[in-house]
Amino acid sequence: MRLGVNIDHIATIRQARRTFEPDPVKGAILAVEAGADQITLHLREDRRHIQDEDLFRLRRVITEVPINLEMAATEEMKEIALTVRPDSITLVPEKREEITTEGGLDVVQLKEYLTDYIKEFKEAGIRVVFFIDPVFAQIDASKEAGADAVELHTGEYANAKGKDVDREIERLKKSAVYGKKKGLKIFAGHGLTYQNVKPVAAIKEIEELNIGHSIISNSVFWGIAEAVRRMKRLIKEVRGEV
Ligand code: PXP
């Protein structure tokens with residue numbers, strides 16, 4: 001199982017003072033050295049954390065692992081992404097007022113638009129991922145629209161309490177099995193932490209997790225290399241890879 005480390009919140013700290021540190025690109029280099037299998041970042045319309053220049057610099061220095069760009073399906077982002085050429089794009093819904101991405105992309109509603117939107121990315125050899133809720137209809141629509149992979153939104157699981165936790169894991173598992181059978185690659189992410197990652201990592205159909213806030217938060221105490229290594233270790237333990 002691959003671990004994509006989302007570096008957005010390194011930039012959040014920098015933007016709190018509009019200064020030069022901490023540098024998310026430096027964080028990405030250290031994360032890769034510590035075992036990150038991918039670097040993920042979200043260039044938001046409001047540029048609240050990652051800036052365009054971060055993305056361009058990242059593309060120049062990160063060569064050993066893929067770069068996954070999370071973005072809204074807008075014309076502005078398409079132009080930037082086709083210039084930078086990340087290895088994959090993950091299309092997410094984006095609202096200005098939200099604290100973080102809330103809910104998955106409604107591919108059922110947006111199917112025609114997305115089918116057309118992703119054509120140039122596919123022609124450019126960029127992997128296309130849709131970030132969706134673990135719902136069969138969204139998986140069907142993602143396949144029909146031409147996505148290569150879906151990232152299952154684990155936010156509901158992360159927020160669940162008591163019996164709901166098992167129910168959410170069951171939903172994720174069923175969706176992962178269903179999506180894989182349809183020929184989609186299955187990823188997952190959002191709200192995953194050192195405390196809650198294991199049941200998701202245990203779902204064998206899921207081949208990639210993208211984790212940001214928890215890793216970057218704990219980097220304050222442990223350093224980013226140790227924070228990445230500890231998350232990798234948890235994942236490997238569950239997958240029987242150690
Ligand atoms: N995956 C997607 C599609 C996201 O939008 C985010 C948040 O940017 C993440 C994963 C990482 O979420 P978190 O920061 O909660 O780990």
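As the structure is a prediction and not an experimental result, all values here were calculated from the model.

Criteria and thresholds
- Residues numbered from 1 in each chain as written.
- Predicted model: local features only at pLDDT ≥ 70, side-chain atom pairs only at ≥ 80, totals over all residues.
- Heavy atoms only, no water.
- 1 Å grid on protein atoms, 1.4 Å probe; cavity = no way out; pocket = protein on both sides within 12 Å on 5 of 7 lines; lining within 4 Å.
- Points joined across faces, edges and corners; volume = space filled by probe spheres on them.
- Buried < 20%, exposed > 50% of the residue type's maximum accessible area, 1.4 Å probe, protein only.
- Helix = DSSP H or I, 4+ residues; strand = E, 2+ residues; numbered from the N terminus.
- Arc of directions from axis to C-beta.
- Contact = heavy atoms within 4.5 Å.
- Near = heavy atom within 4 Å.
- Polar contact = N/O pair within 3.5 Å; in protein donor to acceptor, adjacent residues only side chain to side chain.
- Areas by Shrake-Rupley, 256 points an atom, 1.4 Å probe, with all protein chains shown as cover.
- Nonpolar A, V, L, I, M, F, W, Y, C, P; charged D, E, K, R; others polar.
- Phe/Tyr/Trp six-rings, centres within 6.5 Å; stacked < 30°, edge-to-face > 60°.
- Lys NZ or Arg CZ within 6 Å of the ring centre and 35° of its normal.
- Core = buried A, V, L, I, M, F, W, Y, C linked by side-chain atoms within 4.5 Å.
- Pairing = 2+ DSSP bridges.
- Right-handed = clockwise from strand over helix to strand, strands pointing away.

S.K.: Describe the layout of surface pockets, naming the residues involved and giving the relevant values.
M.R.: Rolling a probe over the atoms, with the probe sized like a water molecule, indicates the empty space that remains. As a volume, the second largest pocket reaches approximately 190 Å³. Forming the walls of the second largest pocket are I10, I13, P22, D23, K26, G27, L30, I216, S219, V220, G223 and I224.

S.K.: I'd like to hear about helix α3 (residues 52–61), residue by residue, with values.
M.R.: Along α3, the residues classified as buried are D54, L55 and L58. Seen from one end, α3 has its buried residues packed into an arc of 95°, which puts them on one side. As for α3, its buried residues are in contact with α1 (8–17), α2 (24–33), β2 (38–42), β3 (67–71) and α4 (75–84).

S.K.: Could you give an account of the site of the ligand, with specific residues and numbers?
M.R.: As a structural note, the neighbourhood of the ligand is formed by 13 residues, with E70, E151, G191, G212 and H213 the closest of them. Take E151: an N or O atom from its side chain is 2.5 Å from a nitrogen atom of the ligand. Measuring from an oxygen atom of the ligand, one finds a backbone N or O atom of H213 at 2.9 Å. Relative to its unbound accessible surface of 400 Å², the ligand loses 94% to contact with the protein. Looking at side-chain class alone, the shell around the ligand contains three nonpolar, seven polar and three charged residues.

S.K.: Explain the environment of L3 to me, and be specific about the residues and the numbers.
M.R.: Within the secondary structure layout, L3 lies in strand β1 (residues 2–6). Judged by relative accessible area, L3 falls into the buried class, the value being 0%. In contact with L3, other than residues within four places in its own chain, are A36, D37, Q38, L209, I211, I215, V228, M231, K232 and I235.

S.K.: Before we move on, could you go through the packing of aromatic side chains and cite the residues and values that matter?
M.R.: Counted under the stated rule, the structure contains four aromatic pairs. Relative to Y178, the ring of F136 lies with its centre 4.0 Å away and its plane at 10°, an arrangement referred to as stacked. Highlighted residues: F136 in helix α7 (residues 136–145) and Y178 in helix α9 (residues 163–181), separated in sequence by 42 residues. Geometrically, the ring pair formed by Y194 and W222 is edge-to-face, given 5.0 Å between the ring centres and 80° between the ring planes. Here the residue Y194 occupies a position in the loop between β7 (185–189) and α10 (197–201), and W222 occupies one in helix α11 (residues 213–222), the gap between them amounting to 28 residues. For W222, a relative accessible area of 31% puts it in the partly exposed group. One aromatic cluster in this structure is built from Y113, Y117 and F121. Cation over ring: R230 sits above W222, and NZ or CZ is 3.9 Å from the ring centre.

S.K.: Outline the nonpolar core, supporting the account with residue identities and numerical values.
M.R.: The nonpolar side chains of a soluble globular protein tend to be buried, and buried together. Counting 70 residues, the largest nonpolar core has L91, F130, L209 and I215 as the members making the most contacts within it. Broken down by element, this core gets its largest block of residues, six residues, from helix α12 (residues 224–239). When residues no more than four places from it in sequence are discounted, the contact partners of L209 are M1, R2, L3, G4, A188, L192, V197, V200, A201 and I235.

S.K.: Go over the pairing of strand β5 (residues 127–132), please, and point to the residues and values.
M.R.: If a strand is regular, its side chains alternate between the two faces of the sheet. Counting buried positions over the six residues of β5 gives five, a clear majority of the element. In terms of strand pairing, strand β4 (residues 88–91) meets β5 through four bridges, oriented parallel. By the bridge assignment, T90 is partnered in β5 with V129. Relative to strand β6 (residues 149–153), β5 runs parallel, the two being bridged by four bridges. From the neighbouring strand, V129 faces β6, where its bridge partner is A149. Handedness of the crossover joining β5 and β6 through α7: right-handed.

S.K.: Residue-level account of the pairing of β7, with values.
M.R.: In terms of burial, β7 is a largely internal element, four of the five residues being buried. Of the pairings in the sheet, the one linking β6 to β7 comprises five bridges and is parallel in character. Bridge pairing in β7 links V150 to I186.

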